[in-house]
Amino acid sequence: MSPTRYLPVETTSFVGRVRELDGIEKALANSRLVTLTGVGGVGKSRLAARAAARVAPALADGARFVALAPLRDASLLGHVLLEDLRLADQHSRSPEELVAEWLADKELLLVLDSCEHLVEACSRLVRTLLDAAPGLRILTTSRQGLAVPGELVFAVDPLPVPEPTTDGDAPAAGDAVALFAERAAEAVPDFNLVGTDRMAAAAVCRRLDGIPLAVELAAAQLAELPDQSVYELNDRLQHRFETLVAQSSTAGRALPRHRTLRTTIGWSHELCTPLERLLWARLSVCTGGFDLAGAQAIGCGGPLAVERVAEVLAGLVTKSLVRKHPDGLGGERYSMLDTVREFGAHWLYELGEEDEARPRHRDFYRDLACRADAEWVGPDQVSWYTRLIADRANFRTALRFCLAQGEGRTALEIGGALWMMWAGFGHTREGAHYLELALDLCREPSPERAKALWARAYVATALGDVTVAERFSAELGHCYDATGDVVARFAAAHMRTGGLVLRSEHEQAAAESTATLSRPLPHGVFPVPSVPWYMLRVTHSYAHFCSGDVATAEARASEITEECERLGELWIRGFAYYVRALAALSLGRITEARAHARTVIAHKSLFHDSLNVVMAVEALATATTATGRTERAARLLGIGQRIWQTLGRPHLGSPQMAAAHTATEHQIRTAIGDATYETEYAAGRAMSPDDGIAYCLTPD
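As the structure is a prediction and not an experimental result, all values here were calculated from the model.

### Description of the packing of aromatic side chains
Turning to step 1, where the next piece is worked out: Tallying each qualifying case throughout the model produces 19 aromatic pairs.
Turning to step 2, where the next piece is worked out: Relative to Y578, the ring of Y542 lies with its centre 6.2 Å away and its plane at 35°, an arrangement referred to as tilted. Here the residue Y542 occupies a position in helix α25 (residues 531-546), and Y578 occupies one in helix α27 (residues 571-586), the gap between them amounting to 36 residues.
Turning to step 3, where the next piece is worked out: Judged by its relative accessible area of 14%, Y542 is buried.
Turning to step 4, where the next piece is worked out: Residue classification places Y578 among the buried residues on the basis of a relative accessible area of 10%.

Shown next, in the form of structure tokens:
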């Protein structure tokens with residue numbers, strides 16, 4: 001595994017900073033906590049990522065990068081770490097404890113980028129992690145230090161600029177001028193910085209104090225000038241800065257660097273068309289980026305027609321005010337740097353449009369969540385996963401807005417519709433956080449409340465917390481009684497029978513699920529594609545298997561997989577294939593059992609559904625033991641243990657699953673001896689979850 005695989009991919013060239021990179025590397029050798037400080041736009045994030053890539057190969061566990069800029073709720077800091085470190089959130093302990101435990105035996109560099117708005121929370125977190133993990137080093141970026149004992153603050157200065165010459169010769173090249181030349185070449189075809197143009201470029205860079213973002217914005221403006229002249233660019237900048245200094249109480253003195261950047265952004269703002277300024281302001285309500293559909297929904301209105309948004313957005317991209325990235329689906333996503341977004345937010349306030357833009361943002365992401373829920377049982381699940389994960393910061397923002405405004409029913413609607421993110425993608429604790437706040441805010445029985453109650457009970461089940469799951473299941477039953485909602489009926493039955501299974505009351509679970517599924521539906525009502533209906537059927541088949549009725553379990557699971565295959569569905573199908581793997585294993589069809597278990601792992605890993613992945617890994621280990629490949633089986637158990645560690649409670653506290661694991665381990669130890677078992681098991685535990693999954697799927 002590459003030590004830099006979890007670092008951001010650079011989308012533009014990296015210029016200069018040789019001295020700084022050397023200095024950061026030395027600082028990290030002398031201190032376990034290094035904070036890069038400097039004004040906004042000075043390049044702290046890029047420098048931290050490049051420094052991490054340089055240091056990572058010397059560390060056994062490489063480097064990880066966690067972007068905190070989109071986070072506005074300090075209480076979710078631990079959840080974001082779990083998310084970006086690709087650890088499952090399925091545990092009753094705090095996320096900070098889980099991260100600390102995971103890091104305890106690692107030799108790793110952790111980059112926490114953009115801490116300035118979360119200084120207190122980041123300071124507490126850093127202390128906890130450094131105390132727990134002796135092999136950990138942390139590199140943070142912030143506009144101020146974290147004030148943690150032992151912290152080494154490394155000030156990041158702007159790029160060096162050449163001094164003006166007195167003999168008329170072109171100044172010596174400098175990093176700021178080199179950056180200007182590269183970005184200007186991106187903005188203007190066939191641009192080449194030669195001769196006296198270099199003098200003008202150097203003057204531009206000096207005026208901008210060598211601040212990289214300011215230099216990039218200025219270079220992008222070349223394309224907007226009539227003759228694309230560097231001299232004209234310098235003249236316009238000079239006029240703007242002289243005017244500002246003349247108006248300032250500090251006339252005759254250089255502008256502070258933070259004002260230099262703000263002035264440059266303000267100049268870029270002035271050079272925008274009115275519609276570009278309007279769109280910039282409106283899109284400042286987005287966090288973590290947005291796609292074109294989001295830009296159109298949030299940015300349109302008044303003088304900006306929806307059909308003009310793409311064109312206006314392209315203008316902001318050309319001016320380097322908005323950045324464009326691949327979205328992983330063949331399309332594009334867009335983002336703003338924090339300093340640019342902050343300027344837009346200020347302008348939005350000045351326009352008096354906050355009360356219009358934020359509800360549009362809420363409505364777009366509510367509709368997106370509801371559409372994902374409605375279309376989940378179908379062929380586009382992986383695309384939906386990619387899109388929902390990309391917009392998770394926007395969903396947080398929409399939920400926080402609803403909760404702050406007292407819009408409990410809308411918060412329930414969003415939180416319930418995102419059940420797959422909370423229970424299916426492993427973000428259980430974050431889901432519990434938002435769902436409970438929404439449920440407390442709006443207690444009136446409704447289909448939205450029923451869906452949110454189901455999601456909250458499902459989250460508790462995934463955490464192995466049967467008591468909490470049963471409490472919310474009971475509320476869900478009352479909600480069904482009050483509303484008569486058919487989906488709520490299946491949701492309540494799903495959670496009730498799931499709790500019985502976890503308590504090993506399998507026969508009762510089989511009987512209750514059978515009764516619910518056999519009960520006639522109201523005239524004209526059919527539950528497909530209701531996920532609770534499918535999940536109740538999965539639980540029904542699993543309960544039959546656990547109670548010893550293997551034939552019924554296999555038959556019901558096969559029906560589900562066939563239906564899901566016709567629909568192009570993968571996520572629910574993975575559960576049914578798990579039951580089929582267990583059934584085939586118990587009937588001695590070992591090759592079939594291994595194939596089904598691998599199918600589960602392949603499907604569920606697409607969604608980072610670690611719980612169902614590890615259950616299938618355990619089944620694969622048992623089946624592999626039956627083939628005589630016991631050393632490989634021991635390694636599979638080690639891989640499973642590594643994944644269970646990220647989840648929390650092994651085997652969800654289920655006696656049946658724990659007993660199956662113990663029996664498999666005993667068989668392996670008997671076959672190969674304790675020493676060989678421990679060696680292979682340790683090798684499996686040493687694998688990252690991704691490498692472990694690849695091992696499981698590799699034919700043997």
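Continuing now.
### Examining the pairing of strand β7 (residues 323-326)
Turning to step 1, where the next piece is worked out: The sheet contact formed by β7 and strand β8 (residues 332-335) spans 4 bridges and is antiparallel. For P326, the partnering residue across the bridge sits in β8 and is E332.
Turning to step 2, where the next piece is worked out: Following β7, the chain reverses through 5 residues before pairing antiparallel with β8; G328 in that reversal takes a positive phi of roughly 80°.

### Remarks on helix α3 (residues 77-84)
An α-helical turn contains 3.6 residues, so a residue and the one three or four places further along point in the same direction.
Turning to step 1, where the next piece is worked out: Within α3, 7 of the 8 residues are buried, which leaves the element mostly enclosed by the surrounding structure.
Turning to step 2, where the next piece is worked out: Within α3, burial applies to L77, G78, H79, V80, L81, L82 and E83.
Turning to step 3, where the next piece is worked out: Buried-residue contacts for α3 involve β2 (63-67), α4 (95-103), β3 (108-113), α5 (119-132), α17 (392-405) and α20 (428-441).
Turning to step 4, where the next piece is worked out: Positive phi shows up at R86, right after α3, with a value of about 60°.

### Description of the pattern of salt bridges
Turning to step 1, where the next piece is worked out: Overall, the coordinates contain 50 salt bridges when judged by the stated rule.
Turning to step 2, where the next piece is worked out: Two residues, K319 and E276, come together in a salt bridge whose shortest N-O distance is 3.1 Å. Of this pair, K319 sits in the loop between α13 (309-318) and β7 while E276 sits in helix α11 (residues 274-283), and the two are 43 residues apart along the sequence. Summarising the burial analysis for this pair, K319 and E276 share the class buried.
Turning to step 3, where the next piece is worked out: For R371, the salt bridge goes to E375, with nearest N and O atoms at 3.2 Å.
Turning to step 4, where the next piece is worked out: Of the residues examined, R371 reaches a relative accessible area of 43% and is grouped as partly exposed.
Turning to step 5, where the next piece is worked out: Owing to a relative accessible area of 33%, E375 belongs among the partly exposed residues under this scheme.
Turning to step 6, where the next piece is worked out: It is possible to trace a salt-bridge network through shared partners that takes in E83, D84, R392, R396 and E430.

### A short note on α13
Turning to step 1, where the next piece is worked out: Those residues of α13 that sit buried are V309, V312, L313, G315 and L316. The arc that holds the buried residues of α13, viewed along the axis, is 150°, so those residues lie on one side.
Turning to step 2, where the next piece is worked out: Turning to α13, the residues buried within the fold contact α11, β6 (290-291), α12 (292-299) and β8.
Turning to step 3, where the next piece is worked out: Of the residues trailing α13, S320 is marked for its positive phi of about 65°.

### Side note on the packing of α17 against α20
Turning to step 1, where the next piece is worked out: Direction vectors running N to C along α17 and α20 enclose 25°, while the axes themselves pass 11 Å from each other. Comparing the axis directions of α17 and α20 gives the class roughly parallel. The hand of the α17/α20 crossing is left-handed. Contacts between α17 and α20 involve R396, L399, R400, C402 and L403 from the first element and E430, Y434, L437, A438 and L441 from the second.
Turning to step 2, where the next piece is worked out: Within the contact of α17 with α20, the residues separate by chemical class into 7 nonpolar, no polar and 3 charged.

### A few points about the state of the cysteines
Turning to step 1, where the next piece is worked out: In this structure the tally under the stated criterion is 0 disulfides.
Turning to step 2, where the next piece is worked out: Not engaged in a disulfide, the cysteine C546 finds its nearest cysteine sulfur in C564; these two sulfurs lie 20 Å apart.
Turning to step 3, where the next piece is worked out: Under the relative-accessibility criterion, C546 is labelled buried at 12%.

### A short note on the environment of E512
Turning to step 1, where the next piece is worked out: When you line up the elements, E512 lands in helix α24 (residues 506-518).
Turning to step 2, where the next piece is worked out: Using a relative accessible area of 24% as the deciding quantity, one classes E512 as partly exposed.
Turning to step 3, where the next piece is worked out: Once the C-alpha coordinates of E512 and V317 are considered, the two residues, 195 residues apart in sequence, prove to be 58 Å apart.
Turning to step 4, where the next piece is worked out: Discounting chain neighbours no more than four positions away, the residues touching E512 are R496, T497 and L500.

### Focus on the side chain of R341
Turning to step 1, where the next piece is worked out: Take R341: it is sitting in helix α14 (residues 338-351).
Turning to step 2, where the next piece is worked out: Here R341 sits buried without a salt bridge, and the closest side chain of opposite charge, D338, lies 4.5 Å off (N-O distance).
Turning to step 3, where the next piece is worked out: Ignoring any residue separated from it by four or fewer positions in sequence, one finds R341 in contact with R72, S284, C286, T287 and M336.

### Describing unusual backbone geometry
Turning to step 1, where the next piece is worked out: If you check the backbone angles, S114 has positive phi at about 70° while not being a glycine.
Turning to step 2, where the next piece is worked out: Checked against the element boundaries, S114 lands in the loop between β3 and α5.
Turning to step 3, where the next piece is worked out: Judged by relative accessible area, S114 falls into the buried class, the value being 8%.

### Some points on the environment of G415
Turning to step 1, where the next piece is worked out: With respect to the helices and strands, the residue G415 is situated in helix α18 (residues 408-417).
Turning to step 2, where the next piece is worked out: Note on G415: relative accessible area 3%, which makes it buried.
Turning to step 3, where the next piece is worked out: Once residues lying within four places of it in the same chain are set aside, the contact partners of G415 are L399, W422 and L435.

### Considering the environment of P8
Turning to step 1, where the next piece is worked out: The residue P8 is located in the segment before α1 (18-30) in this model.
Turning to step 2, where the next piece is worked out: Once the C-alpha coordinates of P8 and R64 are considered, the two residues, 56 residues apart in sequence, prove to be 9.2 Å apart.

### Remarks on the sheet that holds β3
Turning to step 1, where the next piece is worked out: Strand order across the open sheet formed by 5 strands is β2-β3-β4-β1-β5, with parallel pairing between neighbours. Looking at strand neighbours, the two that pair on one side only are β2 and β5 (152-155), the edges of this open sheet. Pairwise comparison of adjacent strand axes, ignoring direction, gives a mean angle of 20° for this sheet.
Turning to step 2, where the next piece is worked out: The strands touched by α3 are β2 and β3; relative to β2, the strand with the most contacts, the crossing angle is about 135°.

### A closer look at the packing of helix α30 (residues 630-647) against helix α33 (residues 689-697)
When two helices pack together, their arrangement is given by the angle between the helix axes and by the axis-to-axis distance.
Turning to step 1, where the next piece is worked out: With their axes 10 Å apart at the nearest point, α30 and α33 run at an angle of 145° to one another. The element α30 and its partner α33 pack so that their crossing is left-handed. Touching R632, R635, L636, I639 and R642 of α30 are P689, G692, Y695 and C696, all from α33.
Turning to step 2, where the next piece is worked out: Taken together, the residues of the contact of α30 with α33 break down into 5 nonpolar, 1 polar and 3 charged.

Definitions and cut-offs
Residues numbered from 1 in each chain as written. Predicted model: local features only at pLDDT ≥ 70, side-chain atom pairs only at ≥ 80, totals over all residues. Heavy atoms only, no water. Phe/Tyr/Trp six-rings, centres within 6.5 Å; stacked < 30°, edge-to-face > 60°. Helix = DSSP H or I, 4+ residues; strand = E, 2+ residues; numbered from the N terminus. Buried < 20%, exposed > 50% of the residue type's maximum accessible area, 1.4 Å probe, protein only. Pairing = 2+ DSSP bridges. Contact = heavy atoms within 4.5 Å. Salt bridge = Lys/Arg side-chain N within 4 Å of Asp/Glu carboxyl O. Arc of directions from axis to C-beta. Axes fitted to C-alpha atoms, helices over the stretch in contact; angles between N-to-C directions. Parallel < 35°, antiparallel > 145°, perpendicular 65-115°, else oblique. Left-handed = near helix turned anticlockwise from the far one by under 90°. Nonpolar A, V, L, I, M, F, W, Y, C, P; charged D, E, K, R; others polar. Disulfide = S-S within 2.5 Å. Lys, Arg positive; Asp, Glu negative; His and termini not counted.

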